[in-house]
Amino acid sequence: MNIELVLFGVFAVMTLLSAGLVITARSPINSAMALVSTFFFLAGIYVLLWAHTVAVIQVLVYAGAIMVLFLFVIMLLNLGDAPHRGKPTVTRLLGGASAAGLLAVLAVTLGRMDAQPARLDAQGQATFGTLAAIGQSIFTTWLLPFEAVSLLLLVAMVGAVVVAKSRI
């Protein structure tokens with residue numbers, strides 16, 4: 001057992017705990033802060049995987065910019081503590097069924113995976129995680145999803161402003 005394995009275990013458990021707090025927190029602000037800690041623990045896992053560029057981007061973009069946007073929307077909508085209702089509703093039942101379905105898909109996918117991890121050749125190891133490789137991937141292979149996510153964030157922010165303006 002080495003230090004990397006211990007750190008991975010700590011980061012993994014803390015990521016799961018803070019992600020659980022995102023779901024179970026009663027206050028939207030507490031949920032957003034738990035999401036920030038989830039992003040930081042994920043960045044720690046990326047560092048252990050020798051993907052330092054991805055870890056820095058995780059902290060700067062997600063824990064920084066995206067969470068500022070989330071908090072801005074929460075403050076703009078003036079969300080307080082929502083009353084907690086204990087009775088099951090149709091949406092809660094659908095949410096639970098969706099979560100169970102996703103866990104089943106994850107279990108089937110993990111069951112079909114090879115036991116041996118994929119190996120990179122010498123060229124792949126030299127360029128893995130570099131800014132050039134990430135930029136090449138984002139702006140060629142993943143350009144459409146990248147632009148779709150940016151458009152989705154823009155629409156969400158405009159929608160929050162419209163909802164907040166209608167309350168005034």
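Every value quoted in this text rests on a predicted model; they were computed, and no experiment measured them. (Residues numbered from 1 in each chain as written. Predicted model: local features only at pLDDT ≥ 70, side-chain atom pairs only at ≥ 80, totals over all residues. Heavy atoms only, no water.)

## What about the packing of aromatic side chains?
- Per the stated rule, a full pass over the model turns up three aromatic pairs.
- Between Phe 11 and Phe 41 the ring centres are 6.4 Å apart and the planes differ by 45°, which places this aromatic pair in the tilted class. Here Phe 41 lies in helix H2 (residues 28-48) and Phe 11 lies in helix H1 (residues 3-24), a separation of 30 residues in the sequence.
- Ring centres of Phe 139 and Phe 146 lie 5.6 Å apart, and the angle between their planes is 80°; on these two criteria the pair is classed as edge-to-face. (Phe/Tyr/Trp six-rings, centres within 6.5 Å; stacked < 30°, edge-to-face > 60°. Helix = DSSP H or I, 4+ residues; strand = E, 2+ residues; numbered from the N terminus.)

## Regarding the domain arrangement of the chain
- Looking at the assigned domains, one finds that the chain contains domain 1 (1-80) and domain 2 (131-168).
- Here the C-alpha centroids of domain 1 and domain 2 sit 19 Å apart.
- Facing the seven residues of domain 1 at the interface are nine residues of domain 2.
- Roughly 750 Å² of surface becomes buried between domain 1 and domain 2 when both sides are summed, with 85% attributable to carbon and sulfur atoms.
- Sorting the residues of domain 1 by area buried against domain 2 places Leu 69, Leu 76 and Leu 77 first, and these three jointly supply 52% of that buried surface.
- Seen at the junction of domain 1 and domain 2, the total is zero salt bridges.
- At the boundary of domain 1 with domain 2, the tally comes to zero residue pairs in polar contact (both at pLDDT 80 or more).
- Considering only residue class, the side of domain 1 that touches domain 2 consists of six nonpolar, one polar and no charged. (Domains from an automatic or database assignment. Contact = heavy atoms within 4.5 Å. Buried area = accessible area lost by both parts, 1.4 Å probe. Salt bridge = Lys/Arg side-chain N within 4 Å of Asp/Glu carboxyl O. Polar contact = N/O pair within 3.5 Å; in protein donor to acceptor, adjacent residues only side chain to side chain. Nonpolar A, V, L, I, M, F, W, Y, C, P; charged D, E, K, R; others polar.)

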